[in-house]
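Listed below, chain by chain, are the residues.
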Amino acid sequence: MKMLYPQLNESRLRISLDGIWDFKRGGESLDVSLLEKGFGGTETMAVPASYNEQKSDKTLFEHYGYVYYQRKLKLPLKALEGQRTVLYFSAVTHSAVVYFNGKKLCEHKGGFLPFEAELDPSQLEVENLLTVAVDNRVNTSTLPVGNDSHAMFSDGLPDFESVKNTSVKPKNYPNFDFFNYCGINRSVYIYTTPKEYISDITVFGDMYGNITAEAECFGGMAQVEIYDGDRMVLKGGAGESLKLENPVLWEPLKPYLYTARFVCGDDSYEVPFGFRSVEVRGTRFLINGKPFYFKGFGKHEDSDTHGRGIDEALNVKDVSLIKWINANSFRTSHYPYSEEMLSLCDREGIVVIAETSAVGLNGRSYASCREHHRDVIKDMIARDKNHPCIVMWSLANEPDTECEEAYDYFMPLYELAHSCDPQNRPVTTVVCNNNYLKDRVVSAMDVMCVNRYYGWYIFGGDTDAAAQALDNELKYFESFGKPIIITEYGADAVSGVHSVYANMFTEEYQVEFYKAFNSVLDNYSFVAGEQVWNFADFATVQGLMRVDGNKKGIFTRERRPKLAAHYLKKRWSEVK
Ligand code: BDP
C-alpha cells in the first residue's frame, strides 16, 4: 500500500486522534455489533501504546483474542469541505478491523506498518464514532509466527489432554523471543489533501550529486524544489534528471539533510533526504565509497508500561546512548520500527538495517506465510525507501534455512526486495542454524548476516570453546567472498550480579563473552560488522530460560549501563 506519512503543511491538515480511548475486552470471535453500535460501560486506554501493561490486571496482560477501541470525534466539517479526508493508522498490532459511523471502513493484517482509508464525505458528521477491533493472535500464517501449542514437557504426560482441555486457557505461543505486546501501538491521524493530490514520493541522492525525485500525482504533473536549509538550490519537474554539484554527503554519524518540496496542483509535500551511496564490493560494505564497519545492536521497541507503543523520548535517549557507547548502527530486529525512529536516525546519522516482521519462520509456515511475507516486504520498502539511514533490508530473522524449501522460498523474496527498492540497497536474511554447513540461503544474500550464541546456548560458560567454534565457522564463511556481519551475539547478565569467577548470568561473564568473540572477529577482514544482542533488557514470554525477560541487554531496561557497556564503549572507540 503506497501512502505518505501524514503531514501538516500549507496544503494539508493533520488531526491527531491520540489520547485516551474507550476500551473493551473481547474473545476469540469478532463481535461486529460492538463495531457497528459502539459500546458503553467502558474501560479507558491510552493510544498510542500497547494495552497489556496499562492496567494492574493479569487477565489483560495475558489477553488472547480481540479487544475493541472506540472514540467519538468531532470534525470541523467546514475545514474539510472540498478536501480528501483520510484516516491513518501508523501501526495496529497484529490485525485491525475499522468501522466509521457504524460502517466497515477497512481491515489490515500485520502489526508494524501503516494503513489508511479515505472517509467518504457523505459519511462525515459533526460528531462521529470510530471503532476498532484489534486481534493479538499469532499463528503459522502471521508474521511474527505463532505455534499452536507448547509441545515441550507435554509429550508422554498421561493425562496431558485432560489438563489441557480443562485448565489450560487459550493463549498465544509465540515462536519468537519478545513479549507479544499488542494494541494501537502507534499514532492515529485524520489528514486531508486537496482532491488532486500526491500519493507517493521517491527521493534520494547519490554521492555524486545525482537526484532521483519522483512523485505520483493524481490529476497532474508534480514539480520539485530542492532546498539546502532555507535556500532553494534546484528546481525541476518531478521525474526529470537533477544534479547538485558538490553536495554535502549524508555520512554515518555526520548526517546532512536537504529537503525536497513537491508541488502538484494545490497539494504539496516535503521530504528530508540525503546524498549517500551504498554498495557491496567484494568483502566490503561501502557507504559513499568507503568501507563501513557496523558497530551496534539488535534492538527492540520495548519499554515499561508502553510495551511496544511508540515512545519518542525513549527513542531520543536510545540514540544518545548509541552515540555515547561509540556505536554507529542498529537493526530493527524483529519488525519495522516507527517512521519517527527512522526520521530521527536520518537526522542523527545512525545507520539502520531494516527488518521485516518475519521472525519464527519454519518449514510449516513457509507455505502459509508466503503471500503475507511478500506484502510486508513491499509495504515496508514503500514506507521506508527514502530514508538515508537505511542501508540494507533484512527479509527475516532466523528462519529455518536448512530445510529443503528454504532456497526456493527466499530467492523470490530477495528478488522482490531488490525490485521494490528504487535505491537498490543490499538485501540480506539473518540466519542462525546450528549446522551452518547446511544453510541454503545466507551465502546467496548480498551480505551474510549470522547470529551466534557460542558461549551461551552452545558451550555455555566456556569462552575458549566459544572462540574456537566461532573461528571454525568464520573460516567456512570466508570462502564465499562476501562480507559477513555478526548480527547477534550475547550473554544474559542480570544487572548487579557479580562474580570473580565470571560465571554465566554475571556482568563479568558478559564482558568475558564479548572479549572472546571480538578477539576472533578481529582476525577476519571479511567481517563487516558486529551488532551485539541486545541494546537493552527486554520483556519476553515466561519460560525456563528467561529471568523476568531477556537479560542480554548492554543496558538495563531502564537504560542503565552494565559492565559490558563500558567495555564496548572503549572497544568501539578503537576499532576500525
Ligand atoms: C536469537 C533471536 C532473538 C533472541 C535471542 C536470545 O534472534 O530474538 O532474543 O536469540 O535468545 O536467536 O536471546
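Our structure is the block above this text.
A brief report on the enclosed structure follows. (Residues numbered from 1 in each chain as written. Predicted model: local features only at pLDDT ≥ 70, side-chain atom pairs only at ≥ 80, totals over all residues. Heavy atoms only, no water.)

Regarding the sheet that holds strand β23 (residues 284-287)
Strand pairs in the sheet, formed through backbone hydrogen bonds, run parallel or antiparallel to each other.
Now for step 1: Pairing within the open sheet is antiparallel, and its 3 strands lie in the order β22-β23-β24. Of all the strands in the sheet, the pair left with one neighbour each is β22 (278-281) and β24 (290-291).
Now for step 2: With 2 bridges connecting them, β23 and β24 associate as antiparallel partners. Its bridge partner lying in β24, Leu286 is registered against Pro291. (Pairing = 2+ DSSP bridges. Helix = DSSP H or I, 4+ residues; strand = E, 2+ residues; numbered from the N terminus.)

Details of the nonpolar core
Now for step 1: Core analysis: the biggest nonpolar cluster contains 106 residues, and Phe285, Phe297, Leu361, Leu474 and Ile554 have the highest contact counts within it.
Now for step 2: Considering every element that reaches this core, the biggest residue donor is helix α8 (residues 406-420), with 8 residues.
Now for step 3: The contacts of Leu361, once residues within four sequence positions are left out, are Leu143, Val145, Tyr366, Cys369, His373, Ala396, Glu398, Pro399, Asp400, Tyr409 and Phe410.
Now for step 4: Tyr69, Leu73, Leu80 and Val188 belong to the second-largest nonpolar core, a separate cluster that totals 30 residues. (Core = buried A, V, L, I, M, F, W, Y, C linked by side-chain atoms within 4.5 Å. Buried < 20%, exposed > 50% of the residue type's maximum accessible area, 1.4 Å probe, protein only. Contact = heavy atoms within 4.5 Å.)

A word on the side chain of Asn136
Now for step 1: Examined against the element boundaries, Asn136 turns out to sit in the loop between β10 (127-135) and β11 (146-147).
Now for step 2: Overall, Asn136 belongs to the buried group, its relative accessible area being 2%.
Now for step 3: Among the polar contacts listed, one links the side chain of Asn136 to the backbone oxygen of His63, at a separation of 2.7 Å.
Now for step 4: Among residues more than four places away in sequence, those in contact with Asn136 are Tyr51, His63, Tyr64, Gly65, His94, Asn172, Asn180 and Cys182. (Polar contact = N/O pair within 3.5 Å; in protein donor to acceptor, adjacent residues only side chain to side chain.)

Overview of empty space enclosed by the protein
Now for step 1: Throughout the structure, instances matching the rule amount to 5 cavities of 30 Å³ or more.
Now for step 2: Counting residues per element, the lining of the largest cavity draws most heavily on helix α5 (residues 312-324), at 3 residues.
Now for step 3: Across the lining of the largest cavity, the residue classes break down as 4 nonpolar, 6 polar and 7 charged.
Now for step 4: In this structure, the second largest cavity occupies an estimated 50 Å³ of space. (1 Å grid on protein atoms, 1.4 Å probe; cavity = no way out; pocket = protein on both sides within 12 Å on 5 of 7 lines; lining within 4 Å. Points joined across faces, edges and corners; volume = space filled by probe spheres on them. Nonpolar A, V, L, I, M, F, W, Y, C, P; charged D, E, K, R; others polar.)

A word on the state of the cysteines
Now for step 1: Inspection of the entire model under this criterion finds 1 disulfide.
Now for step 2: Left without a disulfide partner, Cys369 is nearest to the cysteine sulfur of Cys403, which lies 13 Å away.
Now for step 3: On the basis of relative accessibility, which here comes to 0%, the residue Cys369 falls in the buried class.
Now for step 4: We note that Cys389 lacks a disulfide partner, and the nearest cysteine sulfur, in Cys345, lies 5.1 Å from it. (Disulfide = S-S within 2.5 Å.)

Here's the deal with the packing of aromatic side chains
Now for step 1: Taken as a whole and judged by the stated rule, the model has 44 aromatic pairs.
Now for step 2: Aromatic side chains Tyr5 and Tyr88 sit 6.1 Å apart centroid to centroid with 80 degrees between the ring planes, which places their arrangement in the edge-to-face category. Here the residue Tyr5 occupies a position in the segment before β1 (14-16), and Tyr88 occupies one in strand β5 (residues 84-89), the gap between them amounting to 83 residues. Like Tyr5, the residue Tyr88 is buried in the burial classification.
Now for step 3: With 5.5 Å between their ring centres and 85 degrees between their planes, Phe297 and Trp572 make a pair best called edge-to-face. With Phe297 in strand β25 (residues 294-298) and Trp572 in helix α11 (residues 563-574), the pair connects residues that are 275 residues apart, well separated along the chain. A single burial state applies to Phe297 and to Trp572, both of which are buried.
Now for step 4: Through a chain of ring-to-ring contacts, the aromatic side chains of Phe112, Phe176, Phe178, Phe330, Tyr335 and Tyr337 assemble into a single cluster.
Now for step 5: Arg84 extends its terminal NZ or CZ atom over the ring of Tyr197, reaching a point 3.5 Å from the ring centre. (Phe/Tyr/Trp six-rings, centres within 6.5 Å; stacked < 30°, edge-to-face > 60°. Lys NZ or Arg CZ within 6 Å of the ring centre and 35° of its normal.)

Describing the pattern of salt bridges
Now for step 1: For the structure on display, the rule yields 35 salt bridges.
Now for step 2: The salt bridge partner of Asp318 is Lys299, with a shortest N-O separation of 2.7 Å. Of this pair, Asp318 sits in helix α5 while Lys299 sits in the loop between β25 and α5, and the two are 19 residues apart along the sequence. Accessibility assignment for this pair places Asp318 and Lys299 in one class, buried.
Now for step 3: The salt bridge partner of Asp304 is Arg557, with a shortest N-O separation of 4.0 Å. With Asp304 in the loop between β25 and α5 and Arg557 in the loop between β32 (527-533) and α11, this residue pair connects regions lying 253 residues apart in the sequence. (Salt bridge = Lys/Arg side-chain N within 4 Å of Asp/Glu carboxyl O.)

Digging into the packing of helix α9 (residues 463-478) against helix α10 (residues 507-521)
Now for step 1: Their axes nearest at 9 Å, the elements α9 and α10 cross at an angle of 30 degrees. Comparing the axis directions of α9 and α10 gives the class roughly parallel. Judged by the sense of rotation from one axis to the other, the crossing of α9 with α10 is right-handed. Side by side, α9 and α10 meet where Thr463, Ala467, Leu470, Asp471 and Leu474 of the first sit next to Tyr509, Glu512, Phe513, Ala516, Phe517, Val520 and Leu521 of the second.
Now for step 2: Looking at side-chain class alone, the contact of α9 with α10 contains 9 nonpolar, 1 polar and 2 charged residues. (Axes fitted to C-alpha atoms, helices over the stretch in contact; angles between N-to-C directions. Parallel < 35°, antiparallel > 145°, perpendicular 65-115°, else oblique. Left-handed = near helix turned anticlockwise from the far one by under 90°.)

Considering the layout of surface pockets
Now for step 1: If you add up the space inside the second largest pocket, you get close to 730 Å³.
Now for step 2: Along its surface, the second largest pocket is lined by 30 residues, and Tyr5, Val271, Pro272, Ser343 and His387 are the ones closest to its centre.
Now for step 3: Among the secondary structure elements, those contributing two or more residues to the lining of the second largest pocket are β15 (198-205), β20 (258-264), β21 (267-273), α5, α6 (339-348) and α7 (363-384).
Now for step 4: Across the lining of the second largest pocket, the residue classes tally to 15 nonpolar, 5 polar and 10 charged.

Some details on a nonpolar patch on the surface
Now for step 1: Among the surface-exposed residues, Tyr457, Leu544 and Met545 lie close enough to one another that they form a single nonpolar patch of about 370 Å² accessible area.
Now for step 2: Looking at the element boundaries, Leu544 is found in the loop between β32 and α11. (Patch = residues over 30% accessible without salt bridge, like charges linked within 9 Å, V, L, I, M, F, W, Y side chains within 5 Å. Areas by Shrake-Rupley, 256 points an atom, 1.4 Å probe, with all protein chains shown as cover.)

Quick notes on the environment of Ser479
Now for step 1: Among the secondary structure elements, Ser479 is positioned in the loop between α9 and β31 (484-488).
Now for step 2: What makes Ser479 exposed here is its relative accessible area of 60%.
Now for step 3: Put simply, Ser479 and Arg440 are 39 residues apart on the chain and 15 Å apart in space, counted from C-alpha to C-alpha.
Now for step 4: Within the structure, the side chain of Ser479 is placed 2.7 Å from the backbone oxygen of Tyr476, a separation counted as a polar contact.

That's the geometry; what it means functionally is another story.
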